[in-house]
There are 2 protein chains.
Amino acid sequence: MFEKGGEKLARNKHPEETVNLILDVASRLFMEKGYEHTSIQDIINHLGGLSKGAIYHHFKSKEDILYAVTDKMTEQSNQMFQVICDRTDLNGKEKLETMFRESLNRSVQDDIFTVAPSFYNNPQLLFSLLHETIEISAPDYIQPIIEQGMADGSIVAKHPKQLAELISLMANLWMNPMVFDDSVEETYSKFMVFDQVLKGLGLDIVDEEILSRMQELTTIYQNSK
Amino acid sequence: MFEKGGEKLARNKHPEETVNLILDVASRLFMEKGYEHTSIQDIINHLGGLSKGAIYHHFKSKEDILYAVTDKMTEQSNQMFQVICDRTDLNGKEKLETMFRESLNRSVQDDIFTVAPSFYNNPQLLFSLLHETIEISAPDYIQPIIEQGMADGSIVAKHPKQLAELISLMANLWMNPMVFDDSVEETYSKFMVFDQVLKGLGLDIVDEEILSRMQELTTIYQNSK
DNA sequence: CAATACATACCGACCGTTGGTATGTATTTA
DNA sequence: TAAATACATACCAACGGTCGGTATGTATTG
């Protein structure tokens, strides 16, 4: 009958909406207050009528919610990475370039940055993100591309797994202004060092477009604080 | 009268012994069970008679204990770094080399490795270590040395602060077998990539002694598990 | 050299909050 | 209509932390 409208419904016909609601609320609170200072009760209070039973019906623990939240955060990125991986018109090096460019473009117009959170006092969230980076992003997306580049001759490297890890670590964590609360200048310097490192590894993938996107991104983040 | 002997004393004349006892017990438990799965009661149970009042007399919170623990963990390293920093017979590059060598030598005979802990499911401990690395180790010890090297001509670089951060991050976290549960081979590969990165940055400081120490260290760690 | 005054070290009962569970009930679906 | 789903509610043990109190030290003073 009145399934849409946001009114207090005894039961949602589309449980995925409830799951998403919980995830959205949890995301926001985890960012604002930090994971360990967000209680289940906090989440319930922002759920608009739903109760603890709803949460523990869809998630088995608070930690489980955290994993789902970070999963959702990296989901879009990983999807985009997959699309680039599957392209056949690019060699390895070109794919890497494309990934960096796309990552930055996406971040510029991303919701996350309008909230201006900080992972700095959020060990669990940061850790979960680190986990995603090392266990999924690096081995599933970056490493295969490096290996393709080694095969097609566009990339010269020796230890693709470790190289993929290091690059992912630098790009996703070290250079992420949400993790390290850097000024525009500091982020720029990091990017210059990053560029130099990649060049030293035979990966000359940082062009002017990537660089200008990077500066734009940092400025946005700074202004939103 | 009987101030020494370990017997249950109503009051310890040397309170620092009590503080150290708490720190030692907490260290062990944090490593074994993880920070968030170690309760204050757990610590009390291993204190041999001391109570909750004792803990909260010396520390203002559980978090405070964590910070004291990581402080103690990096204290020795930092002291050694300071000594090397103060030497006048070495140029910047030589100091960096010495620091890496000494770090590895120290780790080989270190207590920590005999416990075979893992930071992997220990977000808070890992984070606290990251904090020490970025906020203290890098800016206070590595960065000044790089700047000295830039001044005396032994190091060619452009962004000493960021360079120091990146090097510290790689050395203290990424290549730390306690953080990432790598095999001997993987650690070796990481070290090779690390070496290549440093060479690309104009820092050719990894020699054969450092390399063999690294392998020794990883083997010790693997066997102790 | 006591008596006094205060600081330190520690005890353990107690408190509010927490993450989590057990059970009940209304609604959907097969 | 029976089973499965989507919740609500009442409840629990354990947690981090506080607090009033006590015993033991040291510093001051007459």
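Rules used in this analysis
Residues numbered from 1 in each chain as written. Chains lettered and ligands numbered in written order. Predicted model: local features only at pLDDT ≥ 70, side-chain atom pairs only at ≥ 80, totals over all residues. Heavy atoms only, no water. Contact = heavy atoms within 4.5 Å. Buried area = accessible area lost by both parts, 1.4 Å probe. Salt bridge = Lys/Arg side-chain N within 4 Å of Asp/Glu carboxyl O. Polar contact = N/O pair within 3.5 Å; in protein donor to acceptor, adjacent residues only side chain to side chain. Helix = DSSP H or I, 4+ residues; strand = E, 2+ residues; numbered from the N terminus. Buried < 20%, exposed > 50% of the residue type's maximum accessible area, 1.4 Å probe, protein only. Lys, Arg positive; Asp, Glu negative; His and termini not counted. Phe/Tyr/Trp six-rings, centres within 6.5 Å; stacked < 30°, edge-to-face > 60°. Lys NZ or Arg CZ within 6 Å of the ring centre and 35° of its normal. Least-squares fit on C-alpha atoms with pLDDT ≥ 70 in both. pLDDT = per-residue confidence, 0-100.

Caption draft 1: Highlighting the interface of chain A and chain B. At the junction of the two partners, chain A supplies 32 residues and chain B supplies 32 residues. Of the roughly 3,000 Å² buried between chain A and chain B on both sides combined, carbon and sulfur atoms contribute 68%. When the area that chain A buries against chain B is broken down by residue, the three leading residues are A:Tyr120, A:Phe127 and A:Gln162, summing to 19%. Linking chain A with chain B are 4 salt bridges. Linking B:Glu165 and A:Lys190 is a salt bridge whose minimum nitrogen-to-oxygen distance equals 3.4 Å. Run the count over chain A and chain B and you get 8 residue pairs in polar contact (both at pLDDT 80 or more).

Caption draft 2: Main features of the side chain of B:Lys95. Residue and element names in this part refer to chain B. Position of lysine 95 among the secondary structure elements: in helix H5 (residues 92-108). One buried charged residue, lysine 95, forms no salt bridge at all, with the nearest opposite charge on aspartate 86 at 6.8 Å. Within polar-contact distance, the side chain of lysine 95 engages the backbone oxygen of arginine 87 at 3.1 Å.

Caption draft 3: Quick peek at the pattern of salt bridges. Residue and element names in this part refer to chain A. Across all of its chains, the model carries 24 salt bridges over all chains by this definition. Where aspartate 24 meets lysine 72, a salt bridge forms, and the shortest distance between an N and an O atom there is 3.2 Å. Taken together, the residues aspartate 24 in helix H1 (residues 15-33) and lysine 72 in helix H4 (residues 62-86) connect sequence positions 48 residues apart. For lysine 72, a relative accessible area of 32% corresponds to the partly exposed category. Across the salt bridge formed by glutamate 216 and arginine 213, the nearest N and O atoms sit 3.3 Å from each other. With glutamate 216 and arginine 213 both in helix H10 (residues 208-223), this residue pair falls 3 residues apart, about one helical turn.

Caption draft 4: Structural detail: the packing of aromatic side chains. As enumerated under the stated definition, the model contains 8 aromatic pairs over all chains in all. With a centroid separation of 5.7 Å and an interplanar angle of 65 degrees, the aromatic rings of A:Phe100 and A:Phe194 are classed as edge-to-face. Remark: A:Phe194 occurs in helix H9 (residues 184-200) and A:Phe100 occurs in helix H5 (residues 92-108); sequence separation between them is 94 residues. Across this residue pair, the class does not change: A:Phe100 and A:Phe194 are buried. An angle of 45 degrees between the planes, with centres 6.0 Å apart, marks the rings of B:Phe191 and B:Phe194 as tilted. Taken as a pair, B:Phe191 and B:Phe194 lie in helix H9 (residues 184-200) at a separation of 3 residues, close to a single helical turn. For the residue pair B:Phe191 and B:Phe194, the accessibility class agrees, reading buried in each case. Among the aromatic residues, those joined into a ring-pair cluster are A:Phe100, A:Phe191 and A:Phe194. Positioned over the ring face of A:Tyr35 is A:Lys62, at 4.4 Å from the centre of the ring.

Caption draft 5: Highlighting the relation of the copies chain A and chain B. Overlaying chain A with chain B gives an RMSD of 0.1 Å, the required rotation being 180 degrees about an axis along which the chain moves by 0.0 Å. What the superposition gives is, in effect, a two-fold axis relating one chain to the other. Taking the C-alpha atom as reference, chain A places A:Gly200 closest to the rotation axis, 2.1 Å from it. In this assembly the copies share their binding face: 100% of the residues contributing to the interface of chain A also contribute to that of chain B.

Caption draft 6: Looking closely at the confidence of the model for chain A. Residue and element names in this part refer to chain A. For chain A, mean pLDDT is 86; residues scoring 70 or higher make up 90% of the total. No element of chain A has a lower mean pLDDT than helix H6 (residues 112-115), which averages 54, and none a higher one than helix H2 (residues 40-45), which averages 97. A low-confidence stretch, residues 1-9 (pLDDT under 50), is modelled with 6 contacts involving residues beyond four sequence positions or located in other chains.

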